[in-house]
Amino acid sequence: MALEEQTALSGTPIVLGIETSCDETAAAIVDGAGVVHANVVFSQIEDHAPFGGVVPEIAARAHLDHLQPVIAHALDEASLGFNDLDAVAATGGPGLIGGVLVGTMTAKAIAMARGIPYLAVNHLEAHALTARLTDKVAFPYLLLLVSGGHCQLIAVEGLGRYRRLGTTIDDAVGEAFDKTAKLLGMGYPGGPALEKAATTGHPERFDLPRPMVGKPGCDFSFSGLKTAVRQKVEALDAPTEQDIADIAAAFQEAVAGSLVNRCRNAIRAFSEEHGTGHALVVAGGVAANQRLRLALSELAEKSGMSFTAPPIALCTDNAAMVAWAGVERLQAGESDPLSFAPRPRWPLDPGAPKAIGAGVKA
Ligand code: KG4
Ligand code: ZN
């Protein structure tokens, strides 16, 4: 970034964001005007791929190895030094606790050494606020958060004011993509591989259930769909590439149908409270899926809502969203004490009723 631009930005806080809650080691620098000066993501996928999923102990050690160079890289990319930072924000949960500890301790050390505010950011809040960084979406809006660990519909009513309308009663949607991809013999992470396979598939060939469609409320369920896929695969002797593509396409359609149905109910509930003309926002890693984006944008249009999906690099885990959540909270006069304890579970809406079913995610 040119020096003149930096000078022009003086007056808006410059925040370092750190993300270490899963298998991405990330650091980013974002300012109060929403300019992303650097957004560095080191993916640990290669470390975890042989195990078919994220191994918490390996993730924690990898964060320890990579975080410091990733922060140095971000500062370098932004042509800034530690002295230019006005605050440090790090994911404080929910997530794999070993990784969250690494990010939290690093952020606290920087904040302490520099004497600047520290912000413990809720990872879900960071996903939830990304659309304000990328598209300046105004409160209130309806958020569909779809990632490897979460599947929730949330009314985002203001900063720190989140009302959960629905959640999954079993698997998160990204988890369903990953597990189904594994059943179909694809590598980890499965979502992008499954989407690629689906592009050459015929979705109508296999009849798969559309979970929860027609049921009242906004909760999700994906484990039955995964079982149905397993049965279809087992019924095939030696599945060909075309068989796999057709099942992948049918799975993706079933997920799209289910998400659209749940969102339709949520839009109704949201509009009753907040009126019409607001935005439907989709965030989280699964929001990278083009088929799902299309289905949701069509629903939004039919419902008189605008539709926002952040660019893919800001949908999957990254630190720019963490820095931005830090910016918003800092500008609201907030910060956290250095005594903050990382939280493996940290629901955005602690008062939300639990979904009926097992294994409800935070
Ligand atoms: O938000 P994210 O990067 O990490 C979590 O907080 O979980 O989401 C990762 C999840 C994985 O389950 C991955 O398979 C899924 O997002 N995903 C996709 C696609 N890209 C990533 N799922 C479907 N289609 C995609 N194109
Ligand atoms: Zn995430």
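Data block above holds the structure.
The rules behind each value
- Residues numbered from 1 in each chain as written.
- Chains lettered and ligands numbered in written order.
- Predicted model: local features only at pLDDT ≥ 70, side-chain atom pairs only at ≥ 80, totals over all residues.
- Heavy atoms only, no water.
- 1 Å grid on protein atoms, 1.4 Å probe; cavity = no way out; pocket = protein on both sides within 12 Å on 5 of 7 lines; lining within 4 Å.
- Points joined across faces, edges and corners; volume = space filled by probe spheres on them.
- Helix = DSSP H or I, 4+ residues; strand = E, 2+ residues; numbered from the N terminus.
- Buried < 20%, exposed > 50% of the residue type's maximum accessible area, 1.4 Å probe, protein only.
- Patch = residues over 30% accessible without salt bridge, like charges linked within 9 Å, V, L, I, M, F, W, Y side chains within 5 Å.
- Areas by Shrake-Rupley, 256 points an atom, 1.4 Å probe, with all protein chains shown as cover.
- Salt bridge = Lys/Arg side-chain N within 4 Å of Asp/Glu carboxyl O.
- Donors = N, O, S within 2.8 Å, 3.2 Å for Na, K, Ca; no water.
- Tetrahedral: all angles 85-135°; square planar, octahedral: opposite > 155°, others 65-115°.
- Expected span 1.5 Å × (residues − 1).
- Arc of directions from axis to C-beta.
- Contact = heavy atoms within 4.5 Å.
- Polar contact = N/O pair within 3.5 Å; in protein donor to acceptor, adjacent residues only side chain to side chain.

Visitor: So what about the layout of surface pockets? Which residues, and what values?
Guide: As a volume, the largest pocket reaches approximately 1,300 Å³. Lining the largest pocket are 44 residues, and of these Cys22, Gly148, Gly149, Asp178 and Tyr188 lie nearest its centre. Elements that contribute at least two residues to the lining of the largest pocket include exactly β3 (36-43), α5 (123-135), α6 (173-183) and α7 (190-198). The biggest single contributor to the lining of the largest pocket is α6, with six residues.

Visitor: Describe the environment of Val41, listing the residues and the values that go with them.
Guide: One can find Val41 in strand β3. According to the relative accessible area criterion, Val41 is partly exposed, its value standing at 39%.

Visitor: Residues and numbers for a nonpolar patch on the surface, please.
Guide: A grouping of Ile97, Leu101 and Met105 is seen on the molecular surface, where their side chains present a nonpolar patch of about 260 Å² in accessible area. Look at Leu101 and you get partly exposed, because its relative accessible area is 39%.

Visitor: If you had to explain the coordination of the zinc ion (ligand 2) to someone new, which residues and values would you point to?
Guide: Around the zinc ion (ligand 2), the protein supplies His123 (NE2), His127 (NE2) and Asp317 (OD) as donor atoms, at distances of 2.1 to 2.2 Å. Coordination geometry of the zinc ion (ligand 2): the four donor atoms subtend angles of 93 to 155° at the metal centre, consistent with an arrangement described as irregular. Along the chain, the residues donating to the zinc ion (ligand 2) fall in the pattern H-x3-H-x189-D. Placement of both His123 and His127 in helix α5 is noted, with a separation of four residues, approximately one turn of the helix. Across this residue pair, the class does not change: His123 and His127 are buried.

Visitor: Describe in detail helix α10 (residues 290-302), supporting the description with residues and values.
Guide: Helix length check: α10, at 13 residues, gives a terminal C-alpha distance of 18 Å against a target of 18 Å (1.5 Å per residue), a fit within 8%. Among the residues making up α10, those that are buried are Leu292, Arg293, Ala295, Leu296, Leu299 and Ala300. Buried residues of α10, seen end-on, are gathered within an arc of 165° and therefore sit on one face of the element. Those residues of α10 that are exposed and angled more than 90 degrees off the buried face are Glu301 and Lys302. Close packing links the buried residues of α10 with β6 (141-146), α6, α9 (241-274), β9 (279-283), β10 (306-308) and α11 (312-315). The residue sitting at the N-terminus of α10 and contributing the capping side-chain oxygen is Asn289; that oxygen lies 3.0 Å from the backbone nitrogen of Arg291. Once α10 finishes, Gly304 follows within two positions and takes phi at roughly 70°, a positive value.

Visitor: Before we move on, can you summarise the pattern of salt bridges with the specific residues and values?
Guide: Enumeration over the complete set of coordinates arrives at twelve salt bridges. Between Glu157 and Arg163 there is a salt bridge, with the nearest N and O atoms lying 3.1 Å from each other. The exposure class assigned to Glu157 is buried, which follows from its relative accessible area of 17%. A salt bridge links Lys179 to Glu175, with the nearest nitrogen and oxygen atoms 3.4 Å apart. Of the two residues, Lys179 and Glu175 both sit in helix α6, four residues apart, roughly one turn of that helix. A residue is classified by how much of its surface remains accessible, and Lys179, at 32% relative accessible area, is partly exposed.

On their own, these measurements won't tell you what the molecule is for.
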